[in-house]
Amino acid sequence: NAGVTQTPKFQVLKTGQSMTLQCAQDMNHEYMSWYRQDPGMGLRLIHYSVGAGITDQGEVPNGYNVSRSTTEDFPLRLLSAAPSQTSVYFCASSPDRGRTEAFFGQGTRLTVV
Amino acid sequence: KNQVEQSPQSLIILEGKNCTLQCNYTVSPFSNLRWYKQDTGRGPVSLTIMTFSENTKSNGRYTATLDADTKQSSLHITASQLSDSASYICVVSFRTGTASKLTFGTGTRLQVTL
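This write-up is about the structure you can find in this document. All values reported here derive from a predicted model rather than from experimental measurement.

### Re the overall build of chain B
Helix and strand counts for chain B stand at 0 helices and 11 strands. Going residue by residue from the N terminus, the α and β elements of chain B occur as β-β-β-β-β-β-β-β-β-β-β. For a compact globule of 114 residues, the expected C-alpha radius of gyration is about 13 Å, and chain B comes in at 14 Å, within 12% of that figure. Based on the C-alpha atoms only, the size of chain B along its principal axes is roughly 50 × 30 × 20 Å. For chain B, buried positions account for 46% of its 114 residues. When contacts within chain B are restricted to residue pairs at least 6 apart in sequence, those whose partners lie at least 24 apart make up 55%. Only carbon and sulfur atoms are counted for the fraction: they give 48% of the accessible area of chain B, which is about 5500 Å².

### Digging into the nonpolar core
As a rule of thumb, nonpolar side chains are buried together in soluble globular proteins. B:V4, B:Y25, B:L33, B:W35, B:L75, B:Y88 and B:L110 are the most contacted members of the largest nonpolar core, which totals 24 residues. When contributions to this core are tallied by element, the ones reaching two or more residues are β3 (19-26), β4 (30-38), β5 (45-51), β7 (62-67), β8 (72-77), β9 (86-95) and β11 (108-113) of chain B. Ranked by the residues each element gives to this core, the list is headed by β9(B), at 5 residues. If we skip the residues at most four places from it in the chain, B:Y88 touches B:Q6, B:L21, B:W35, B:Y36, B:K37, B:L47, B:Y62, B:L75, B:I77, B:G107, B:T108 and B:L110. A:L13, A:L21, A:I46 and A:L110 belong to the second-largest nonpolar core, a separate cluster that totals 19 residues.

### Notes on the pattern of salt bridges
In total, this model carries 5 salt bridges over all chains according to the counting rule given. In this structure, A:D38 engages A:R44 in a salt bridge whose closest nitrogen and oxygen atoms are separated by 2.8 Å. Given the relative accessible area of 11%, A:D38 is considered buried. Classification of A:R44 as buried rests on a relative accessible area of 18%. Note that B:K57 and B:E54 form a salt bridge whose closest N and O atoms lie 3.2 Å from each other.

### Brief notes about unusual backbone geometry
All names here are of chain B. For the bond from S7 to P8, the omega torsion is -10°, close enough to zero to count as cis. In this model, S28 is joined to P29 through a cis peptide bond whose omega is -10°. Of note, P29 is situated in the loop between β3 and β4. Even without glycine at this site, A79 takes up a positive phi of about 50°. By the secondary structure assignment, A79 is in the loop between β8 and β9.

Cut-offs and rules
Residues numbered from 1 in each chain as written. Chains lettered and ligands numbered in written order. Predicted model: local features only at pLDDT ≥ 70, side-chain atom pairs only at ≥ 80, totals over all residues. Heavy atoms only, no water. Helix = DSSP H or I, 4+ residues; strand = E, 2+ residues; numbered from the N terminus. Rg over C-alpha atoms; globule rule 2.2 N^0.38 Å. Buried < 20%, exposed > 50% of the residue type's maximum accessible area, 1.4 Å probe, protein only. Contact = heavy atoms within 4.5 Å. Areas by Shrake-Rupley, 256 points an atom, 1.4 Å probe, with all protein chains shown as cover. Core = buried A, V, L, I, M, F, W, Y, C linked by side-chain atoms within 4.5 Å. Salt bridge = Lys/Arg side-chain N within 4 Å of Asp/Glu carboxyl O.

Below, the structure written as structure tokens:
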């Protein structure tokens, strides 16, 4: 049972480059979300989706785009990377529109230089 | 503003000892409160979820309590093991129009030593 799979695990980008963080889940969960984790701060919500074709902004959406074409996949795109986006990114999925347990991926550690 | 505060920030205990971690929250409208364990370099893993009406919930050596009146929760770890070394994150869920959202505490970093 794979659960939530994130790729890559590590990434280094130069300022201004773009990239996509991949997230896939095999639990048929309708709700998926992206968070960033920074030192001394709790995880913060970037974007979320309540189902295929439906996305919405979270607490810190600027500089990121998402799409949800299938139930399984929820990629996060960095349009023009900035050093402030250096962080650890977690994708999560849960059933029941987030009202119950969230399952997290292993994380992607991104460094922007 | 929705907030979750945890204490202590960090804690070192000897293997076999018990410990209690604290969580205070100001989140509305409250849906449920969760405790997660996050090992270094890994994603958070759920330990317990408690709704408004639940006062206590256990998961093996982990016991969480919730006082919805005072908006406080605690996580008690019994007979600690080296594998308990991790960050423990208190998370409160609140409802919005389309879905529930989560407010995360900054975590308590626990180190269990010999």
